[in-house]
Amino acid sequence: MKVNFVDLKKLHKPIREEIDKAINEIVDNTAFVLGNPVSSFEENFASYCGTKFGVGVSSGTAALHVSLLSAGIGKGDEVITTPNTFFATVEAIMHTGAKPVFVDVQEDSFNMNPEKLEEKITDKTKAVIPVHLFGQTADIKPIQEITEKNSLTLIEDACQAHGAEYNGKKAGSLGDLACFSFYPAKNLGAFGEGGFISGSNEELIEKARILRAHGEKPKNTHAVVGYNYRLEALQAAVLNVKLKQLDNWNELRRKAAENYNEVLSGIEGLILPKEMPYAKHVYHLYVARVKDRTKVQDFLKQNEIFTGQHYPVPVHLQPACSELGYKQGDFPVAEKLMNEIFSLPIHPYLTKEEIEFVGEKLKEVLK
Ligand SMILES: Cc1ncc(COP(=O)(O)O)c(C=O)c1O
């Protein structure tokens, strides 16, 4: 049995006709940039997140970059985030000229440790970006309390958390602005690149909307230097169809995670992901931990079970961040986790048989 890490073909099969129709409409009317598909998707996804507004952009990285700029962040400022994230979170901060400052994570949630946040705030700090890693929100309430008390902008990196919830409130509605990625393998993925900024602060959203399209407002007047970060109409059309499936797909992911938890419980040396009491986890990734992951991953690969590592090198130790002056040992929890984590296959159509096969092979290699 071959177990793929993700399976987009299976995901798209039942809705392929509807997607083809939506794509063909755009090809027929040739309105490829912004337009109705983008504005309707902006309304639909903002309303899904529980915010008043949304801005479709060209990627999650663009969403983060524009959100930071909208909040007025630039050279001389500091932005706090976590070191165990995809590099783009930090890249976006660095693109503004601001300095990324890291705070360590909690071992059980993989997310920002609110207890370690306040000590990182200086008079240069302007914003905090908690990352809702793997499909589970950060513990946002204590983070909100700290950002409010210190007048900092709170920007969610929700690029892995479409539909995730914190005490019943959706990711995307928990900060001043929130950023999503529609990279194809995300819980809500485009047929290429795409991103989104959600929020209810009209002023911040309006700035983001202007920045994503050359700083133009009104037409032919370029009020500020912006970017070409527009979401394509074709991607918005695909996303409008796929959004209708998101809750169902997230439920199927949760079911797959529940099956994994059952099948894998009690295997010695294997630590399973934990759903925190405040969270509704949507399992963008199912990330387990083991001491000798190379041995485990190699054995699974020999048995055609494809796994990943998200992410093996913490951002503060990446060569591109060397000028920040961090060193090994600065964030012990993130560093420990990143040596042990490995991601098992997960997608809405992963079968119980596939999960049992993965369990069988894990038992074999860890016995
Ligand atoms: C946590 C996180 N932040 C930011 C990004 C960047 O999104 P994109 O790849 O759409 O630019 C990603 C995407 O992989 C991500 O997982």
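Residues numbered from 1 in each chain as written. Predicted model: local features only at pLDDT ≥ 70, side-chain atom pairs only at ≥ 80, totals over all residues. Heavy atoms only, no water.

A. Representation of the pattern of salt bridges. The tally for this structure, following the rule as stated, stands at 22 salt bridges. Salt-bridge contacts for Lys 141 lead to Glu 145; the nearest nitrogen and oxygen are separated by 3.3 Å. Here Lys 141 and its partner Glu 145 are both found in helix α6 (residues 140-149), four residues apart, which amounts to about one turn of the helix. The partly exposed category is assigned to Lys 141, whose relative accessible area is 45%. Through salt bridges that share partners, Glu 107, Arg 289, Lys 291, Lys 336 and Glu 340 make up one connected network. (Salt bridge = Lys/Arg side-chain N within 4 Å of Asp/Glu carboxyl O. Helix = DSSP H or I, 4+ residues; strand = E, 2+ residues; numbered from the N terminus. Buried < 20%, exposed > 50% of the residue type's maximum accessible area, 1.4 Å probe, protein only.)

B. Representation of a nonpolar patch on the surface. A cluster of nonpolar side chains, contributed by Val 27, Phe 32 and Val 33, occupies part of the molecular surface with about 250 Å² of accessible area. Assignment of secondary structure puts Val 27 in helix α2 (residues 16-29). (Patch = residues over 30% accessible without salt bridge, like charges linked within 9 Å, V, L, I, M, F, W, Y side chains within 5 Å. Areas by Shrake-Rupley, 256 points an atom, 1.4 Å probe, with all protein chains shown as cover.)

C. View of the site of the ligand. Residues in close proximity to the ligand total 16 residues, the closest being Gly 60, Thr 61, Asp 157, Ser 181 and Lys 186. Separating an oxygen atom of the ligand from a side-chain N or O atom of Thr 61 is a distance of 2.5 Å. Side-chain polar atom of Asp 157 to a nitrogen atom of the ligand: 2.8 Å apart, as the coordinates give it. Across the complex, the protein chains shield 92% of the 390 Å² of accessible surface that the ligand would expose by itself. Assessed atom by atom at 2 Å from the grid points, the ligand resides in the largest pocket. Taken together, the elements giving at least two residues each to the shell around the ligand come down to α4 (60-70) and α5 (88-95). Residue contributions to the shell around the ligand peak at three residues, all from α4. Counted by class, the shell around the ligand contains six nonpolar, eight polar and two charged residues. (Near = heavy atom within 4 Å. Polar contact = N/O pair within 3.5 Å; in protein donor to acceptor, adjacent residues only side chain to side chain. 1 Å grid on protein atoms, 1.4 Å probe; cavity = no way out; pocket = protein on both sides within 12 Å on 5 of 7 lines; lining within 4 Å. Sits in = over half its atoms within 2 Å of the grid points. Nonpolar A, V, L, I, M, F, W, Y, C, P; charged D, E, K, R; others polar.)

D. Region of interest: the side chain of Ser 198. Locating Ser 198 in the fold gives a position in strand β9 (residues 195-199). A polar contact is formed between the side chain of Ser 198 and the backbone oxygen of Gly 172, at a distance of 2.8 Å. Setting aside its immediate chain neighbours within four residues, Ser 198 contacts Thr 51, Phe 53, Gly 54, Gly 172, Asp 176, Leu 177, Ala 178, Phe 180 and Ile 205. (Contact = heavy atoms within 4.5 Å.)

E. Highlighting the packing of helix α9 (residues 246-264) against helix α12 (residues 352-366). Two elements in contact, α9 and α12, have axes separated by 9 Å at closest approach and are oriented at 35°. Judged by the sense of rotation from one axis to the other, the crossing of α9 with α12 is right-handed. Residues Ala 256, Asn 259, Tyr 260, Glu 262, Val 263 and Leu 264 of α9 lie in contact with α12, whose contacting residues are Lys 352, Ile 355, Glu 356, Val 358, Gly 359, Leu 362 and Lys 363. Each residue belonging to the contact of α9 with α12 can be placed in one class, and the counts come to seven nonpolar, two polar and four charged. (Axes fitted to C-alpha atoms, helices over the stretch in contact; angles between N-to-C directions. Left-handed = near helix turned anticlockwise from the far one by under 90°.)

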